[in-house]
Amino acid sequence: ELKVEQNPLFLSMQEGKNYTIYCNYSTTSDRLYWYRQDPGKSLESLFVLLSNGAVKQEGRLMASLDTKARLSTLHITAAVHDLSATYFCAVGAEANAGGTSYGKLTFGQGTILTVHP
Amino acid sequence: DSGVTQTPKHLITATGQRVTLRCSPRSGDLSVYWYQQSLDQGLQFLIQYYNGEERAKGNILERFSAQQFPDLHSELNLSSLELGDSALYFCASSGGTWGRGYTFGSGTRLTVV
């Protein structure tokens, strides 16, 4: 059974600092997703990583994927208060032959990020 | 608007009752997934439908059932409700190219009293 583990689970940062959230998963997959969730709200897609070595950046967030190590990272640069939220990584199940059919997502526990002035 | 529509947004009901949650997927998406989010269990996959057929099952209780209709909307039926069923229920859809990923609806918050 696929297990997805994030660390840390709680992260309290000062504005302007940098930090990294780690996402480890237990079986082979090259489909890794990062989501943001504000309290009581839906999951907002941040990054879709589909191959080994993939790196994507959006604003102060950068995500990368190492499929050999079964590890993805979400790096936060010069944090600001607006980044306070819960961040989830999720691993996509293998598709059917033909590659157009998605399988389920398995989520990590989530990292609650709080950015202080 | 993510393109995935869930109704109702909030539901308060008594133990032992039955409720139906509804989801309309993003246009063009054939797969619908249901997830339950609670403080103690996190985000748990319940069930997936693809073009009207059940594709995968997760930790879905026997009291829960789902279906996907020919117009691709899906319903999640929860019966004999217990206090522990109180949670946020999300629907997501996927399809098309890999880069489209999965899109989540705004969720239905179920409170069982």
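The preceding data block contains the structure.
Structural notes, computed from the coordinates. Bear in mind the structure is a predicted one, so any value in this text is a computation, not a measurement. (Residues numbered from 1 in each chain as written. Chains lettered and ligands numbered in written order. Predicted model: local features only at pLDDT ≥ 70, side-chain atom pairs only at ≥ 80, totals over all residues. Heavy atoms only, no water.)

1. Here we look at the overall build of chain A
- The number of helices and strands found in chain A is 0 helices and 11 strands.
- Each helix (α) and strand (β) of chain A, taken in turn from the N terminus, gives the series β-β-β-β-β-β-β-β-β-β-β.
- Against the 2.2 N^0.38 benchmark of 13 Å for 117 residues, chain A shows a C-alpha radius of gyration of 14 Å, consistent with a compact globule.
- Along the first, second and third principal axes, the C-alpha set of chain A runs to 50 × 30 × 20 Å.
- Out of the 117 residues in chain A, the part that is buried amounts to 44%.
- Residue pairs at least 24 apart in sequence account for 57% of intrachain contacts in chain A once pairs closer than 6 positions are excluded.
- For chain A, the accessible area works out to roughly 5,800 Å², and carbon and sulfur atoms hold 51% of it. (Helix = DSSP H or I, 4+ residues; strand = E, 2+ residues; numbered from the N terminus. Rg over C-alpha atoms; globule rule 2.2 N^0.38 Å. Buried < 20%, exposed > 50% of the residue type's maximum accessible area, 1.4 Å probe, protein only. Contact = heavy atoms within 4.5 Å. Areas by Shrake-Rupley, 256 points an atom, 1.4 Å probe, with all protein chains shown as cover.)

2. Notes on the pattern of salt bridges
Residues and elements named next belong to chain B.
- Scanning the model with the defined rule gives 4 salt bridges over all chains in all.
- The residue R26 makes a salt bridge to D29 at a minimum N-O spacing of 2.8 Å.
- Classification of R26 as buried rests on a relative accessible area of 14%.
- A salt bridge links R63 to E82; the nearest nitrogen and oxygen atoms lie 3.7 Å apart. Remark: E82 occurs in the loop between β8 (74-78) and β9 (87-94) and R63 occurs in the loop between β6 (53-57) and β7 (64-68); sequence separation between them is 19 residues.
- Taking the relative accessible area as the measure of exposure, E82 reaches 43% and is therefore partly exposed.
- The structure contains a network of salt bridges with shared partners spanning R63, E82 and D85. (Salt bridge = Lys/Arg side-chain N within 4 Å of Asp/Glu carboxyl O.)

3. So, the nonpolar core
Residue and element names in this part refer to chain A.
- If you look at the biggest cluster of nonpolar residues, it comprises 25 residues, and the most contacted ones within it are L32, W34, L74, I76, Y87 and L113.
- Listing elements by their share of this core, those giving two or more residues are β2 (10-14), β3 (19-25), β4 (32-37), β5 (43-49), β7 (61-66), β8 (71-76), β9 (85-92) and β11 (111-116).
- A total of 4 residues in this core trace back to one element, the largest contributor, which is β9.
- Beyond its immediate chain neighbours, meaning those up to four positions away, L32 contacts C23, Y25, F47, V48, L49, L65, S72, C89, A90 and V91. (Core = buried A, V, L, I, M, F, W, Y, C linked by side-chain atoms within 4.5 Å.)

4. Quick look at the state of the cysteines
- Across all of its chains, the model carries 2 disulfides over all chains by this definition.
- Sulfur-sulfur distance for the disulfide between C23 of chain A and C89 of chain A comes to 2.1 Å. Linking C23 of chain A and C89 of chain A, the disulfide has an S-S dihedral of approximately 80 degrees and is accordingly described as right-handed. In this pair, C23 of chain A is assigned in strand β3 and C89 of chain A in strand β9, connecting sequence segments 66 residues apart.
- Under the relative-accessibility criterion, C23 of chain A is labelled buried at 0%.
- Note that C23 of chain B is cross-linked by a disulfide to C91 of chain B, the S-S spacing being 1.8 Å. A torsion of -50 degrees about the S-S bond marks the disulfide between C23 of chain B and C91 of chain B as left-handed. Here C23 of chain B is found in strand β3 (residues 19-24), whereas its partner C91 of chain B is found in strand β9, with 68 residues between them in sequence. An identical accessibility class is assigned to C23 of chain B and C91 of chain B; each is buried. (Disulfide = S-S within 2.5 Å.)

5. Thoughts on the pairing of β9 of chain A
Residues and elements named next belong to chain A.
- The buried count for β9 comes to 8 of 8 residues, which makes it a mostly enclosed element.
- Where burial is concerned, the two faces of β9 agree: the one with A85, Y87, C89 and V91 and the one with T86, F88, A90 and G92 are both buried.
- Pairing geometry for β4 and β9, over 6 bridges, is antiparallel. Residue pairing across strands places R36 opposite Y87, the latter belonging to β9.
- Strand direction decides the pairing type here: β9 and β11, joined by 3 bridges, are antiparallel. The residue bridging Y87 from the neighbouring strand is T111, located in β11.
- Two strands pair when backbone bridges link them, and β9 and strand β10 (residues 105-107) are joined in this way by 3 bridges, in the antiparallel orientation. From the neighbouring strand, G92 faces β10, where its bridge partner is L105. (Pairing = 2+ DSSP bridges.)

6. Section: the pairing of strand β6 (residues 55-58) of chain A
Residue and element names in this part refer to chain A.
- Direction of pairing for β6 relative to β7: antiparallel, over a ladder of 4 bridges. Across the sheet, E58 pairs through a bridge with L61, a residue of β7.
- In this structure, the hairpin formed by β6 and β7 is closed by a connection of 2 residues, where G59 is found at a positive phi of approximately 60 degrees.

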